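Here's the letter readout for the chains.
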Amino acid sequence: MASADLHNKEDKNVTHTDIVEVRHADDVRLAELGYKSEFKREFSLFETVAFSFSIMGVIASVSSTLEFGLVSGGHVGMVFGWLIPSIFVMTIALSMAELASSMPTSAGLYYFSAKLAPEKYAPLASWITGWANITGQITLVCSIDFTCAQMITTAIAVNSNGATVLSNGATYGILIAILLSHGVVCSAATSILARLNIFYVLINVGTTIAAIIALLVVSGDDKVSTKDAFTLFENNTGWANSGWAFLLAFTAPMWTLTGYDSAAHIAEEVAGADRAAPIAIISAVAATASLGWLLLIATSFCVTSVTDLLASELPLPMGQVFLNVLGKRGMLAMWSLIIVVQYVTGAAQGVDASRVVFAFARDNALPGSRWWKKMNARTQTPVNAVWFVMVIAAICGFLGFSTTALTSLAGSAVIGLYTSYVVPIFLRITSGRNKFVPGPFALGRWATPIGIVAVAWVSFIVVMLLFPPGQTTTAEDMNYAIVIISAVFIFATVSWVTSAHKWFHGPVRNVGEEEEVTKEKDLQT
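Residues numbered from 1 in each chain as written. Predicted model: local features only at pLDDT ≥ 70, side-chain atom pairs only at ≥ 80, totals over all residues. Heavy atoms only, no water.

Caption draft 1: Representation of the overall build of the chain. Looking only at helices and strands, the chain features 21 helices and two strands. Radius of gyration (C-alpha) of the chain: 23 Å, near the 24 Å computed for a compact globule of 525 residues. Its C-alpha atoms put the chain at 70 × 70 × 45 Å along the principal axes. Evaluated residue by residue, the chain yields a buried proportion of 57% over its 525 residues. Of the side chains in the chain, 29 bear a positive and 35 a negative charge, and the two mean positions are spaced by 5 Å. (Helix = DSSP H or I, 4+ residues; strand = E, 2+ residues; numbered from the N terminus. Rg over C-alpha atoms; globule rule 2.2 N^0.38 Å. Buried < 20%, exposed > 50% of the residue type's maximum accessible area, 1.4 Å probe, protein only. Lys, Arg positive; Asp, Glu negative; His and termini not counted. Charge placed at Lys NZ, Arg CZ, Asp CG, Glu CD.)

Here it is, written out as structure tokens:
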């Protein structure tokens, strides 16, 4: 017995020593990249994967974007409008995973751009990438949380049989409450955030699988044929060209498959980041794409009339699907779980956005950077950056008083994020080919062809996301994403030309070349 206890203690000591050595190696690598370690490395590989997966909230995202597929192709739009973009997004995930493995820092995308661009243009490339990413990150927080508020109003409407329909003002009030609670959650210590992601992934996967099974089983014989579920096409967009109408269905998966760069942004909080980050990025995208496709196939079988579904008075058509199949009580039970998924998705996105703000401020690129890069002494997390994100998201939430403006805001988030994704990938296969130093995960000779496909896809999808939903538009249904994106672009350009080019030189080293990273910090934490 004593021998067994001694053996167990020895195993624990070996494991602890291994973790300390891994964290030390991470800190040494971070110092080589130019930054001192300020976070506690509490995220394990599984928790990092869970974080990247949870931030996409598959069932909640499918529920909030189902209308795009229904309008742009019906059954074909739902099924293949999801599958095709998912394949192309995998090329972006692979390219990003390689970059995250090479340069594991919370600075992420704008750091990659700075190191891969020609030296003369490195600050500008970093500036553009950083502002595009900041724009996408914060507006995505607003979009996710506003959708969560809409889901709550949908549940209230169903529970009251339509007697209680909350106003836009009430919905905005719910948004504020969600943002405040997310501010508290996202301000927690890294160890707490890491453990929370285990719950996040369980509720995500469990609810998605439960929904797939419930839709297929409870609907019984009230389903369309297999042929119709996969091949029935309906154009409800207002565009005369059905081919173009189908392409607009790509909006749904592009909205969902965002935020997987989060694994790069929490790299300084991860043990073994150069391996964990790429695994998290690739597995999260693959899992979200696969589960989302299966859910949409199940949904396609249950949609017996696309026209009737689009005529529903509920804000989100997926709510009507569950109501039709599961009945009122079943729908409310499932919808409650989906609301929880959407809520934790917003919480995860809040953490991600705050890390981007912190990193950009650490390099003195934001107004008031000295406040946003400050670490909380108790939690060792950037609490100020968290609340910066929540306040700006609340301001963006005013656009929710207009459905068109809110949709445009969500489109802007996707455009901003994917622009920031593609810039370092483009630089990796052009000016950065000879200066790129691969990490443990590398694409080798496949880096260039995969990168070319990724760049081509983002170039296409960004233009597509700027188009209005119909061929003939009015001020009420116009896509204003171009206005939001242009405003950010003009601000970033003017500030660069007038002042930033004089003082922003890209990532700023805050650790000396001679500074040695010791194991003492690891032993203390």
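Still more ground to cover, so stick around.
Caption draft 2: Quick peek at the side chain of Thr207. In this structure, Thr207 sits in helix α8 (residues 190-218). Each residue touching Thr207, except ones within four places of it in the same chain, is listed here: Ile59, Met334, Leu337, Ile338 and Val341. (Contact = heavy atoms within 4.5 Å.)

Caption draft 3: Just the packing of α8 against helix α15 (residues 317-362), in detail. The contact between α8 and α15 brings their axes to 10 Å, and the two run at 155°. Between α8 and α15, the angle falls in the class roughly antiparallel. As for how α8 packs across α15, the hand of that crossing is left-handed. (Axes fitted to C-alpha atoms, helices over the stretch in contact; angles between N-to-C directions. Parallel < 35°, antiparallel > 145°, perpendicular 65-115°, else oblique. Left-handed = near helix turned anticlockwise from the far one by under 90°.)

Caption draft 4: Summary view of unusual backbone geometry. In this model, Asn364 sits at a positive phi of 60°, which is unusual for a non-glycine residue. Relative to the elements of secondary structure, Asn364 occurs in the loop between α15 and α16 (369-372). Residue classification places Asn364 among the partly exposed positions, given a relative accessible area of 35%. One non-glycine residue, Gln380, adopts positive backbone phi at about 55°. Summarising the element assignment, Gln380 is placed in the loop between α16 and α17 (383-396).

Caption draft 5: Helix α7 (residues 168-186), seen in detail. Here α7 contains 19 residues, and its C-alpha end-to-end distance of 26 Å stays within 8% of the 27 Å for a straight helix at 1.5 Å per residue. Buried residues belonging to α7 abut α6 (122-159), α8, α15 and α17. (Expected span 1.5 Å × (residues − 1).)

Caption draft 6: Geometry of the packing of aromatic side chains. Applying the stated criterion across every chain, the model contains 30 aromatic pairs. On the numbers, 4.6 Å between centres and 5° between planes, the contact of Phe88 with Trp457 is stacked. In this pair, Phe88 sits in helix α4 (residues 75-102) while Trp457 sits in helix α19 (residues 447-464), placing the two residues 369 residues apart along the sequence. Among the residues examined, Phe88 registers a relative accessible area of 30% and is labelled partly exposed. Summarising the aromatic geometry, the rings of Trp372 and Phe388 are spaced 4.7 Å apart at their centres and angled 45° between planes, so their arrangement reads as tilted. Note that Trp372 is positioned in helix α16 and Phe388 in helix α17, a separation of 16 residues in sequence. Members of the aromatic cluster, each reached through a chain of ring pairs, are Tyr110, Trp127, Trp131, Phe360, Phe491, Trp496, Trp503 and Phe504. (Phe/Tyr/Trp six-rings, centres within 6.5 Å; stacked < 30°, edge-to-face > 60°.)

Caption draft 7: Just the nonpolar core, in detail. Formed by 162 residues in total, the largest nonpolar core has its most connected members in Ile92, Leu215, Tyr260, Phe322, Trp335 and Tyr418. Here this core takes 23 residues from α15, the largest share from any one element. If we ignore the near neighbours within four places in the chain, the residues touching Ile92 are Tyr260, Tyr418, Tyr421, Ile425, Ala454, Trp457 and Val458. Counting residues in hydrophobic clusters, the runner-up holds five residues, among them Val79, Val224, Ile297 and Phe301. (Core = buried A, V, L, I, M, F, W, Y, C linked by side-chain atoms within 4.5 Å.)

Caption draft 8: Representation of the state of the cysteines within the structure. In total, this model carries zero disulfides according to the counting rule given. Not engaged in a disulfide, the cysteine Cys186 finds its nearest cysteine sulfur in Cys148; these two sulfurs lie 13 Å apart. (Disulfide = S-S within 2.5 Å.)

Caption draft 9: Structural view of a nonpolar patch on the surface. Together, Ile209, Ile213, Leu216, Val217 and Val218 make up an exposed nonpolar region whose accessible area comes to about 420 Å². Structurally, Val217 can be placed in helix α8. (Patch = residues over 30% accessible without salt bridge, like charges linked within 9 Å, V, L, I, M, F, W, Y side chains within 5 Å. Areas by Shrake-Rupley, 256 points an atom, 1.4 Å probe, with all protein chains shown as cover. Salt bridge = Lys/Arg side-chain N within 4 Å of Asp/Glu carboxyl O.)

Caption draft 10: Structural context of the side chain of Gln342. Here Gln342 shows up in helix α15. Classification of Gln342 by relative accessible area gives buried; the value is 3%. A distance of 2.9 Å separates a polar side-chain atom of Gln342 from the backbone oxygen of Ile144. Gln342 has contacts with Ala60, Ser61, Ile144, Thr147, Cys148 and Met151, leaving out every residue within four places of it along the chain. (Polar contact = N/O pair within 3.5 Å; in protein donor to acceptor, adjacent residues only side chain to side chain.)

Caption draft 11: Seen up close, the confidence of the model for the chain. For the chain, mean pLDDT is 88; residues scoring 70 or higher make up 94% of the total. Helix α21 (residues 520-524) is the least confidently modelled element of the chain, averaging 41 in pLDDT, while α4 averages 96, the highest of any element. Every residue in residues 9-14 is under pLDDT 50, and counting partners more than four places away or in other chains gives zero contacts. In the predicted structure, residues 513-525 sits below a pLDDT of 50 and forms 19 contacts with residues beyond four places in sequence or in another chain. (pLDDT = per-residue confidence, 0-100.)

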